[in-house]
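Overview (structure and organization)
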Amino acid sequence: MRRWILSCLLSFAVPAHAVLNIEITGAGEHQTPVSLVRFAGDAAIAQNLLDIVGSDLNRTGLFKLVDPAGKTPHEPRDIRPSEWVGVEAVLIGSIESQPEGKVAVKFRLFDLVRNAELLSQVVTAREDQVRAIGHRIADLVYERMTGSPGVFSTRIAYVSRDEGVYRLVVADSDGDNEQALLTSQEPIMSPSWSPDGRQIAYVSFEKRRAMVYVQSLSSRKRTLIADFPGSNSAPAWSPDGRQIAMVLTRDGESQIYLASSNGGQLRRITHSDAIDTEPSFSPDGKSLLFTSDRGGSPQIYRVSIEDNDVQRLTFESGNAFSPRYHPDGNSFVFAHFNDGVFHIAVHDLESRQTQVLTAGGWEKKPSFAPNGKMILFATEVQGRGILATVSSDGRVKQKMVAQRGDIREPMWGPFLK
Amino acid sequence: MNKLILSVLLLNLLAACSSNPPKEEVAEPAATSASAASEAPGAAAQETAAADTRAADAQAAADAQAALMEKNSVYFPFDVDAVQDADRETIMNHAEYLASHPDVKVRVEGNADERGSSEYNLGLGQRRANNTKRALVLGGASDSQIETVSYGEEKPRCSDHNEACWAQNRRADINYSAQ
């Protein structure tokens, strides 16, 4: 099973290129002190794994990585708790070379406070899949230490714009391991992941106006699913993957429609003389959040799919755009434009309170990580679009600065099943 | 028929602003059309004089055409999609041209500045294009001559974060060479 996950993850892996500089600011309220010991076995692979796991855990702001200071236990029996004062858990392991360029990585997470093993697993993979193994180890360590599944093995999609060339890019959640799914001379917008992570719906202007396509990540095969007159845009998959909500102007204004995932069986959901756009399904699939200016300025609304009943959710000064549900369905993130700047903000549906998470800037298009702990969004540094994340509590922020190009429209992908 | 030839030639001219087609090719059919519009029937008795007149008329028509095409954008205030009074003349000029050239087709392309989400701006650009089309149709153009599309904030003419730049990006272009 685990091996299957890895092979699925890496179905189109190419050698990783360090294209991003990651700058982290802030820290979690409580940082768990953890020590990572370089694994026994192949030194180059061991160092690579140590770097990947360390950087993954570090980016969350929830861990304090404690230098093992020369200690190199590889088995639990080698760990003497008295030598690890102040450290809550230590990660140890070993790498074993196998035939046909494969490696078996055995790793263990040892709880020094309770003197107990928290995790013990073996992952077998090709040597060139070290990044995926590292992310997998980090996911499990994160899960054991925080109680929530890690998202280091998940992927993100975004659009890069570089000297008039647009690329739809899929990358690891740390921005590394980029794959271009589509390259075009015309704009690309609004990538949206299918719930199983195997397909991406997006908007392409390659036929000189906005049309919606669905593309398979593994076969690269793509299907045009909406090319009505005017603009076809803002695709969003239903949680069961059977339907796609999208925005069409075929009847005049931008209105939200629901279609089967091949574009058929069209049904209109909103009926207004306003711009209704950016639909986002609730996790239970029963309603959609969307942006509308029906009240005079763009704000966030919710529509029930069953009876098309609409409710306004935000009453912010300024404008609210791009709502995306938290995976638990109890809150949503959006881009708030006020006094000339965009902030990333979270609105709690029960308390109806809005919390601003970022300092403000050219911050757009937020989406939650599938564990709900981080938010990915687009921002700008020195006039160039970059990726950034903020923890859901606003404490930990990171910017991922690409070496070139202008990055826009990011969307965090789902857990890979 | 003459109008059709004229339109086709003008479109070719527009489409190829960088190249200069031989003068005769432009002048001849254009002059025929111009004479039909502005001269009394049978006025071409004196060939030399008529040729001069034709050339002059053709030049005038080409100039008028160039002037029309030079102003093919209308502009909008922030988050507004109604065509502004300031652009009434531009709209009327294009509406009249389209009315008198029923075979010409145009694309009205709506755009928005970056102060919104890309999807909202796509909707806003579409609305601007739709309203521009409505104004052209009210001015005499035919509905079937005009396609509307939106580029939202995706194709900014200017990419700085300031009002001077945004003002240029909040516009609809009447594009004759896109069909």
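These numbers were taken from a predicted model, which means no experiment stands behind them.

1. Some thoughts on the overall build of chain A
When its secondary structure is counted, chain A shows three helices and 30 strands. The burial tally for chain A puts 57% of its 417 residues in the buried class. Sequence-distant contacts, at least 24 apart, represent 44% of the contacts inside chain A between residues at least 6 apart. When the accessible surface of chain A is summed, it comes to about 17100 Å², and 45% of that surface belongs to carbon and sulfur atoms.

2. Here we look at the sheet that holds strand E16 (residues 255–260) of chain A
All names here are of chain A. Strand order in the open sheet formed by four strands is E14-E15-E16-E17, with antiparallel pairing between adjacent strands. The open sheet has two free edges, formed respectively by strand E14 (232–237) and strand E17 (267–268), since each of these has just one partner strand. Alignment of E16 against E17, held across two bridges, turns out to be antiparallel. In the sheet register, Tyr257 faces E17, and the bridge partner there is Arg268.

3. Some remarks on the packing of aromatic side chains
For the structure shown, the criterion picks out twelve aromatic pairs over all chains. Between the aromatic rings of Phe342(A) and Trp362(A), the centroid separation amounts to 5.5 Å while the plane-to-plane angle is 75 degrees, which identifies the pairing as edge-to-face. On the criterion of sequence distance, the pair formed by Phe342(A) in strand E24 (residues 341–348) and Trp362(A) in the loop between strand E25 (354–356) and strand E26 (364–368) is long-range, its members being 20 residues apart. A single burial state applies to Phe342(A) and to Trp362(A), both of which are buried. Among the aromatic residues, those joined into a ring-pair cluster are Phe321(A), Phe337(A), Phe342(A), Trp362(A), Tyr120(B) and Trp166(B). Across from the ring centre of Trp84(A), 4.4 Å away, lies the NZ or CZ of Lys71(A), which sits over that ring. Over the face of the ring belonging to Tyr151(B) we find Lys155(B), whose NZ or CZ atom lies 4.6 Å from the ring centre.

4. A look at the packing of helix H2 (residues 43–60) of chain A against helix H3 (residues 130–146) of chain A
Residues and elements named next belong to chain A. Where H2 contacts H3, the two axes come as close as 8 Å, and the packing angle between them is 45 degrees. One way to sum up the angle between H2 and H3 is to call them oblique. Between H2 and H3 lies a crossing whose hand is right-handed. On H3, the residues touching Ile45, Asn48, Leu49, Ile52, Val53, Asp56, Leu57 and Thr60 of H2 are Val130, Arg131, Ile133, Gly134, His135, Ile137, Ala138, Val141 and Tyr142. Tallied by class, the residues present in the contact of H2 with H3 amount to eleven nonpolar, four polar and two charged.

5. A short note on the packing of helix H4 (residues 88–100) of chain B against helix H5 (residues 118–138) of chain B
All names here are of chain B. Where H4 contacts H5, the two axes come as close as 8 Å, and the packing angle between them is 60 degrees. The angle between H4 and H5 places the two elements in the oblique class. H4 and H5 meet at a crossing whose hand is right-handed. From H4, Ile91, His94, Ala95 and Leu98 reach across to H5, where they touch Thr132, Ala135 and Leu136.

6. Brief notes about the interface of chain A and chain B
Facing 38 residues of chain A, the contacting portion of chain B comprises 28 residues. When the buried surface of chain A facing chain B is broken down by residue, Arg208(A), Ile275(A) and Trp362(A) rank first, second and third, together holding 22% of it. Joining chain A to chain B, the criterion identifies seven salt bridges. Glu154(B) serves as the salt-bridge partner of Arg408(A), at 3.0 Å between the closest nitrogen and oxygen. Seen at the junction of chain A and chain B, the total is 19 residue pairs in polar contact (both at pLDDT 80 or more).

Conventions used here
- Residues numbered from 1 in each chain as written.
- Chains lettered and ligands numbered in written order.
- Predicted model: local features only at pLDDT ≥ 70, side-chain atom pairs only at ≥ 80, totals over all residues.
- Heavy atoms only, no water.
- Helix = DSSP H or I, 4+ residues; strand = E, 2+ residues; numbered from the N terminus.
- Buried < 20%, exposed > 50% of the residue type's maximum accessible area, 1.4 Å probe, protein only.
- Contact = heavy atoms within 4.5 Å.
- Areas by Shrake-Rupley, 256 points an atom, 1.4 Å probe, with all protein chains shown as cover.
- Pairing = 2+ DSSP bridges.
- Phe/Tyr/Trp six-rings, centres within 6.5 Å; stacked < 30°, edge-to-face > 60°.
- Lys NZ or Arg CZ within 6 Å of the ring centre and 35° of its normal.
- Axes fitted to C-alpha atoms, helices over the stretch in contact; angles between N-to-C directions.
- Parallel < 35°, antiparallel > 145°, perpendicular 65-115°, else oblique.
- Left-handed = near helix turned anticlockwise from the far one by under 90°.
- Nonpolar A, V, L, I, M, F, W, Y, C, P; charged D, E, K, R; others polar.
- Buried area = accessible area lost by both parts, 1.4 Å probe.
- Salt bridge = Lys/Arg side-chain N within 4 Å of Asp/Glu carboxyl O.
- Polar contact = N/O pair within 3.5 Å; in protein donor to acceptor, adjacent residues only side chain to side chain.

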